Amino acid sequence: MRCPRCDANINDEMEICRFCGQDLSIIYHVRRISNAYYNMGLEKAQVRDLSGAIMVLKKSLQFDKYNTNARNLLGLVYNEMGETVAALSEWVLSRYLQPENNRAQYYINVIQKNQTALDAVNQTIKKYNSALNAAKGGNEDLAVIQLKKVVSLNPKFVRALQLLALLYMKSKEYSKAAKCLKRARRIDYNNTTTLRYMQEIGDKFSENGGKSREDSARAYRQQPKKDPLANVQPVGAYKEEKRHWMPVINVIIGVIIGLVVSFVLIRPTLLGNNLGNNSDSIAENNQQLSVKEAQLSSMQKQKEKLEQDVAKLQKKLDEGEDANAAKLELSNNLLLAVKYYNDGDRLLAASTVSQYKESDFEKEEMKELFKMVSKKITQADVKNLFEQGRAEFNRGKYDEAEKLLNQVLSVDAENLDALYFMGRVYHQRGKKKKAVEYYEKVIEIDEASSRAAEARSRLRQLGVS
């Protein structure tokens, strides 16, 4: 270990620094506390209390940020909950604090080698943020559709499952919400948010008048049983009656009288009302036609309004995806700068993130990484970078030269030397249009310079006057 006072290398078993006399007992005490919290976090992670493990492991790192085991375990817990970006941040920081014999390098390689899984993670982040914005804007249906896609791409994304369950609860689809919460609980068994939602669903299902299924069955069994023969009446002895023809004769006479009355009295009235009925039918049909036309007009207006709403929603969705893409590009550039930094190319690392500032990063871990890899680039650095690019050009390595010259132009956009040699690179590749563009830019910035004279000579070689 190193002494916190004089930064000298000392033995781990020493209680006092032999160089400056610093008491080291407090450091050992803090380390023991950090390791105790790490052991608690490991126990919670083993029983899938992941949210509790995160809290305890963060506490461990507050006491000792160099506790590599705690930081690597925190990254594994984040990855298990579907938070791959947070996991990568912890592993990159762990590798920076302990470059050798660090398991974090293996975890990073596993994530980066599986490009398909990495692309799926990027898609889930975009769609989850878009669904969250849609839910905040009141578009629950769109949010549910996107969250279903997120869950299918990343089944362990606990936050997506919780948000989907919350939307189901809002629409009173409690059975679907319960399925989502059960899946989330299988991943993180003791998550406070999941348990609170499950308690809310349980309260909704318990509103059934206070009687359980067992109480209803018990009450049914205690009801007095009725005699099934109680309503049966005794039947007397069978006696065959004698047949009489008079009822039949009376029925026939009644039918004949009814036919005569119908023919004499009712038929003329019916014939007289036919025309009136037809006119009433025409008027009724006209009225129904008017109603149908009014309904069609109303539906047409509703269709136009829905089309406008869909256009607005698509615009918001596109804007949200653009913002998320910018955040993803920022994170990728930071990780690339950290890689260059670890490889020993500090200048290339600084130029990779030169267009950003500390306030562009939201998390404290990412701000710390930015401070580590960023460096104020001086004119000497720019000149050194240009000389490397020109040397690569002279060796015929145009791809490497273009990369280095682009780094120069990202810091100094009007560097005449870099602009001229960028034109030379495209000239040698046979890309006449791009070469002419860079030569003309040199002349435009300073037409009296020596580089401008060389650029005019090159333009004449390309047949441009």
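Treat the numbers as computed from the prediction; the structure is a model and nothing was measured.

So, on to the overall build of the protein chain. Helices and strands together make up the secondary structure of the protein chain, namely 19 helices and zero strands. The 465 residues of the protein chain split such that 33% are buried.

What follows deals with the packing of aromatic side chains. Under the defined criterion, the tally for this structure stands at ten aromatic pairs. For the pair Phe 393 and Tyr 398, a centre-to-centre distance of 5.6 Å together with 55 degrees between the ring planes defines the contact as tilted. Here the aromatic rings of Tyr 420 and Phe 421 are separated by 5.5 Å at their centres, their planes lie at 85 degrees, and the arrangement is edge-to-face. One aromatic cluster is present, built from ring pairs that chain together Phe 386, Phe 393, Tyr 398, Tyr 420, Phe 421 and Tyr 439. Over the aromatic face of Tyr 106 sits the side chain of Arg 103, whose NZ or CZ is 4.3 Å from the ring centroid.

Okay, a positive patch on the surface next. Taken together, the side chains of Lys 179, Lys 182, Arg 183 and Arg 186 present a region of like positive charge at the surface. Residue position: Arg 183 is located in helix α9 (residues 174-187).

This part covers the side chain of Asn 191. Residue placement: Asn 191 occurs in the loop between α9 and α10 (192-205). Polar side-chain contacts of Asn 191 include one of 3.0 Å to the backbone nitrogen of Thr 193.

Moving on, we come to the pattern of salt bridges. One side chain can pair with another of opposite charge once the charged atoms of both are near each other. Counted under the stated rule, the structure contains 14 salt bridges. For Lys 44, the salt bridge identified is with Asp 49, shortest N-O distance 3.6 Å. Two residues, Asp 417 and Arg 451, come together in a salt bridge whose shortest N-O distance is 2.7 Å. One end of the pair, Asp 417, is in helix α17 (residues 416-429); the other, Arg 451, is in helix α19 (residues 450-461), with 34 residues separating them in the sequence. Judged by relative accessible area, Arg 451 falls into the buried class, the value being 15%.

The next subject is the packing of helix α18 (residues 432-445) against α19. Where α18 contacts α19, the axes come no closer than 8 Å and their chain directions differ by 145 degrees. Every pair of crossing elements has a handedness; the one defined by α18 and α19 is left-handed. Contacts from Val 436, Tyr 439, Glu 440, Val 442 and Ile 443 in α18 reach Arg 451, Ala 452, Ala 455, Arg 456, Arg 458 and Leu 459 in α19. Partitioned by chemical class, the residues of the contact of α18 with α19 number seven nonpolar, no polar and four charged.

Another aspect to go through is the nonpolar core. Among the nonpolar cores identified, the biggest contains 66 residues, and Val 77, Trp 91, Leu 147 and Val 373 are the most heavily contacted of them. Element by element, the count of residues in this core is highest for helix α8 (residues 158-170), at nine residues. Discounting residues that sit within four places of it in the chain, Val 77 has contacts with Ala 45, Leu 50, Ala 53, Ile 54 and Leu 57. Formed by 27 residues, the second largest nonpolar core is a distinct cluster that contains Val 382, Phe 386, Val 425 and Leu 459.

Between its terminal C-alpha atoms helix α3 (residues 68-80) stretches 18 Å, which fits the 18 Å expected from 13 residues at 1.5 Å a residue. Looking at α3, one finds that the buried residues are Thr 68, Ala 70, Arg 71, Asn 72, Leu 73, Leu 74, Gly 75, Val 77 and Tyr 78. In the core, the buried residues of α3 are packed alongside α1 (25-46), α2 (50-63), α4 (84-97) and α5 (104-113). Looking one or two places after α3, you find Gly 82, whose phi comes out positive at around 90 degrees.

Attention shifts here to unusual backbone geometry. For Arg 48, which is not glycine, the phi dihedral falls at a positive 65 degrees. Take Arg 48: it is sitting in the loop between α1 and α2. On the basis of relative accessible area, Arg 48 is assigned to the partly exposed category, the value being 31%. Positive phi, normally seen in glycine, also occurs at Asn 101, with a value near 50 degrees. Within the element layout of this structure, Asn 101 appears in the loop between α4 and α5.

What follows covers the packing of α3 against α4. Relative orientation of the contacting elements α3 and α4 amounts to 165 degrees, with a least axis distance of 7 Å. Relative to α4, the element α3 lies roughly antiparallel. In this structure, α3 crosses over α4, and the sense of that crossing is left-handed. The segment α3 lies against α4, with Thr 68, Arg 71, Asn 72, Leu 74, Gly 75, Leu 76, Tyr 78 and Asn 79 engaging Thr 84, Ala 86, Ala 87, Glu 90, Trp 91, Leu 93, Ser 94 and Leu 97. Broken down by class, the residue content of the contact of α3 with α4 amounts to eight nonpolar, six polar and two charged.

The next point concerns α17. Across its 14 residues, α17 extends 20 Å between first and last C-alpha, which sits within 8% of the 20 Å expected from 1.5 Å per residue. The buried fraction of α17 amounts to eleven of the 14 residues, a majority that puts the element mostly inside the structure. The elements touched by buried residues of α17 are α15 (379-394), α16 (398-411), α18 and α19. For α17, the side-chain oxygen to backbone nitrogen distance between the N-cap and Asp 417 is 3.2 Å, and the N-cap itself is Asn 415.

Right, let's talk about the confidence of the model for the protein chain for a bit. In the predicted model, the protein chain carries a mean pLDDT of 79, and 76% of its residues have values of at least 70. The secondary-structure element of the protein chain with the lowest mean pLDDT is helix α11 (residues 213-222), recorded at 47, while α3 shows the highest, at 93. A low-confidence stretch, residues 206-217 (pLDDT under 50), is modelled with one contact involving residues beyond four sequence positions or located in other chains. In this model, residues 225-242 is a region of pLDDT below 50 whose contacts with residues beyond four sequence positions or in other chains number zero contacts.

Cut-off values and rules
Counting of residues starts from 1 at the beginning of each chain's written sequence and follows it residue by residue. Reporting in this predicted model follows two pLDDT cut-offs: at least 70 for local features of residues, and 80 or more for side-chain atom pairs to be given and counted; totals over whole chains, interfaces and linings ignore these cut-offs and use all residues. Side-chain numbers here rest on the full set of heavy atoms in the structure, without hydrogens or water. Elements are defined by DSSP. Helices are runs of H or I of four residues or more, strands are runs of E of two residues or more, and each kind is numbered from the N terminus. The buried label goes to any residue with under 20% of its type's maximum accessible area, the exposed label to any with over 50%, and the partly exposed label to all in between, with areas taken from a 1.4 Å probe on protein chains only. Stacked, tilted and edge-to-face are the three classes applied to pairs of Phe, Tyr and Trp rings, where Trp contributes its six-membered ring and a pair requires centres within 6.5 Å; stacked means planes under 30 degrees apart, edge-to-face means over 60, and tilted covers the rest. In this analysis the charged atom, NZ for Lys or CZ for Arg, is taken to sit over a ring once it is within 6 Å of the ring centre and within 35 degrees of the ring normal. Note that patches include only residues with greater than 30% relative accessible area and no salt bridge, and the join distances are 9 Å for like charges and 5 Å for nonpolar side chains (Val, Leu, Ile, Met, Phe, Trp, Tyr). Accessible surface area values rest on a Shrake-Rupley calculation with a 1.4 Å probe, where residue burial reflects the displayed protein chains alone. Salt bridges are defined as contacts in which a side-chain nitrogen from Lys or Arg sits within 4 Å of a carboxyl oxygen from Asp or Glu. His is not counted, nor are the chain ends, whereas Lys and Arg count as positive and Asp and Glu as negative. We put the charge of a Lys on NZ, of an Arg on CZ, of an Asp on CG and of a Glu on CD. Any pair of nitrogen or oxygen atoms within 3.5 Å is treated as a polar contact; in protein, a donor-acceptor pairing is required on top of that, and neighbouring residues in sequence qualify only through side-chain atoms on both sides. Axis lines are fitted to C-alpha atoms, over the contacting stretch for helices. Their N-to-C directions set the angle, which ranges from 0 to 180 degrees. Crossings are sorted by hand: turned counterclockwise from the far helix by less than a right angle, the near helix makes the crossing left-handed, and turned clockwise it makes it right-handed. Any two residues whose heavy atoms approach within 4.5 Å at even a single point are treated as in contact. Classes in brief: Ala, Val, Leu, Ile, Met, Phe, Trp, Tyr, Cys and Pro nonpolar; Asp, Glu, Lys and Arg charged; the others, Gly included, polar. Grouping buried Ala, Val, Leu, Ile, Met, Phe, Trp, Tyr and Cys residues that are joined through side-chain atoms within 4.5 Å yields what is termed a nonpolar core. One fewer than the residue count of a helix, multiplied by 1.5 Å, yields its expected span. For classification, angles of less than 35 degrees are called roughly parallel, those exceeding 145 degrees roughly antiparallel, those between 65 and 115 degrees roughly perpendicular, and all remaining angles oblique. pLDDT measures the predictor's confidence residue by residue and takes values from 0 up to 100.

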